[in-house]
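Results of the structural survey
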Amino acid sequence: MRKKFMTSLLCLAMTATLLAGCGGSDSGNAGATEEAQTTAAADDAEAQTEAEEVAEKVEEAAGANSDIKATVFWYDESDVYLSSVRTALNQELDALGIQYDNQFAANNQSTQVDQIKTAIAGGSNLLIVNVVTSGAPDTAEDIISVAGDIPVIFFNRAIGTDGDDVTVLTDNPTSCFIGTDAPEAGHMQGQMVGEYVLANYDDIDINGDGVISYALMKGDEANIEAIYRTQYGVEDANAALTAAGKPELKYFDDNNTDHYQVDTDGAWSAKAAKEYMDTNLVSFNEASNNMIELVICNNDGMAEGVIASLQDKGYNKDGGHVVPVFGVDATENAKSLIADGAMTGTVKQDAEGMAAAIAQSVQGISEGKAPADALAALNDSRFSISEDCASKLFVAYAPYTGE
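Residues numbered from 1 in each chain as written. Predicted model: local features only at pLDDT ≥ 70, side-chain atom pairs only at ≥ 80, totals over all residues. Heavy atoms only, no water.

Of all 5 residues in strand S5 (residues 175–179), 5 are buried, a share of seventy percent or more. Neither face of S5 is open: one carries Ser175, Phe177 and Gly179, the other Cys176 and Ile178, and all of them are buried. Inspection of the sheet shows strand S4 (residues 152–155) paired to S5 by 4 bridges, in the parallel sense. Directly across from Phe154, in S5, lies its bridge partner Phe177. Taken together, S4, helix H6 (residues 164–171) and S5 constitute a β-α-β crossover, and its handedness is right-handed. Strand direction decides the pairing type here: S5 and strand S13 (residues 392–395), joined by 3 bridges, are parallel. Opposite Phe177, over in S13, you have Lys392 as the bridge partner. (Buried < 20%, exposed > 50% of the residue type's maximum accessible area, 1.4 Å probe, protein only. Helix = DSSP H or I, 4+ residues; strand = E, 2+ residues; numbered from the N terminus. Pairing = 2+ DSSP bridges. Right-handed = clockwise from strand over helix to strand, strands pointing away.)

Here is the structure:
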C-alpha cells in the first residue's frame, strides 16, 4: 500500500513538472523554444531523480518500521492524563508507520505480566510499558527478564526509588525510562500554592483564625510521583508562608497523622476524592467554624472530584466562595475548570511531549540504536537526559493557571 502511494506521488510530481514546462511559446523564435525545451527536459530528469531518491528513502524507512511490532502496556484505561498520552502516542506511531497494539492491565501487575508474555508469543518485538506497580525495581527486573533481548521502554510510572531505577537500567542496556523528574511537580505545585495563599490570605481564611486549613488527596501510597507531590506540595508552600511571616498550613483533621487521604485503589480517581470530600464536609464546614479552606491534589482527576463535592455544597460556583483547589497534569477538564474559576491551578504534565519522546525513541530503536542511544538522539527543549543515568529521559513540567 505504501509503495503504491509513493509511486502515485512520484507520477503526480512528474506530471506537474511536465505541465509546468508546457506553457505558451514564441513561434517566432524556434531556437529559443528549442533551448527552453532542452532545459525543461533536463529539469524534468533532475526532478524525476530527486523524486525517486525521496521515494526510495521513504520506502526504506517504512520497510524498517514495518519490522517493528510494538505493544503498549497501560496500567489502567481510566487514567485521564494517560488517556491524553495514548491519543497522542497513537497518532505519533501511526505517522511513523509502526505496527502497535494497546493493552490495559486494569491496575493489576500480574495481569500486565501475562499480557507481556502473550504479546511476545504473538511476535511483539518492542515493549512500551506503563508499569502497574510503580517504584518497584523487582517488578521492572521481572518484566525485563520475560522480555529477554526484546527492548523495553518503561514510561510515566517510575520503576524504582532512591537510585534503584538507575541500577535496573544500567544493568539492563536493552531498557530505558521516559518520564518526569518526580520532585519537580511537587516543587512547582508547592510554590504555586504558597504564592497564591500569600496573595489571597484573608479571602481564603473563611474561619478567620489566621491559619489556613487544608486537605490533601494522594493518588497512590507507593507511587514516587505521589510521594514527592504530597511532600513538596505542602513543604514548599509552608516555606513561602513562613518566609513571609505567616503560619504554616494546618491539616484539617487532627486525628489523621498522615496528613493526606489516599486512593486505596491506587487509581488517583475523581470518585475516591469526591467520596473523601463529601465525608469531610459533613464534619468540617462553615457552620462548625472549621471549614476546609484549601485542597491540594496529586492529579487533576482527584481535583475534579473535590470540586464536584464542593459545588454540591454551593462552593466554587459563580457568586459563591471559591475554595482554592490545585492539581497536576493540566488536563483539558482542568483547564476548563480553571477558565471557569472553579479550580485555581495545576502543573502541566506534557502528554504530547511524553508521546513524542516515546515515538521518537521507537523510531531510533527501529533504526538499530540501543535504547540509551535512541534517547541521546532526541533533540527537543522539552526533554532532558537524567544526570544520573543515560537511559533515563525526563519530560519537563510547567505551572498552569490559565494565564
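There's more to say after this.
Moving on to the packing of aromatic side chains. Evaluation of the coordinates by the stated rule reveals 6 aromatic pairs. When the ring of Tyr214 is compared with that of Tyr251, the centres are 5.4 Å apart and the planes differ by 80°; the resulting orientation is edge-to-face. Here Tyr214, found in strand S6 (residues 213–218), pairs with Tyr251, found in strand S7 (residues 250–251); they are 37 residues apart in sequence, far enough to count as distant. Note on accessibility: Tyr214 and Tyr251 belong to one class, buried. The ring of Trp74 is capped by Arg86, whose NZ or CZ atom sits 5.0 Å from the centre of that ring. When the ring centre of Tyr201 is taken as origin, the NZ or CZ atom of Lys246, which lies over that ring, is 4.4 Å away. (Phe/Tyr/Trp six-rings, centres within 6.5 Å; stacked < 30°, edge-to-face > 60°. Lys NZ or Arg CZ within 6 Å of the ring centre and 35° of its normal.)

It is worth spelling out the sheet that holds S4 at this point. Read across the open sheet, the 7 strands follow the order S2-S1-S3-S4-S5-S13-S12; overall the sheet is mixed. A single partner strand is all that each edge strand has here, and the edge strands are strand S2 (99–104) and strand S12 (383–385). When strand polarity is set aside, the average angle formed by the axes of neighbouring strands in this sheet is 20°. Seen against the sheet, helix H4 (residues 109–121) touches strand S1 (69–74), S2 and strand S3 (126–129) and runs at an angle of roughly 170° to S1. In the packing of H6 onto the sheet, the strands contacted are S5 and S13, and the crossing angle to S5 comes to about 140°. (Axes fitted to C-alpha atoms, helices over the stretch in contact; angles between N-to-C directions. Contact = heavy atoms within 4.5 Å.)

Overall, the prediction assigns the protein chain a mean pLDDT of 87, with 83% of residues at 70 or greater. A low-confidence stretch, residues 1–33 stays under pLDDT 50, and its non-local contacts, those more than four residues away or across chains, total 16 contacts. Confidence over residues 53–64 falls short of pLDDT 50; this stretch has 7 contacts with residues more than four positions distant or in other chains. (pLDDT = per-residue confidence, 0-100.)

The next point concerns the environment of Ile68. Summarising the element assignment, Ile68 is placed in the loop between helix H2 (30–66) and S1. Overall, Ile68 belongs to the buried group, its relative accessible area being 9%. Sequence-wise, Ile68 and Gln99 are 31 residues apart; in three dimensions their C-alpha atoms are separated by 6.4 Å. When near neighbours in sequence (up to four residues on either side) are disregarded, Ile68 contacts Ile98, Gln99, Asn125, Leu126 and Ser366.

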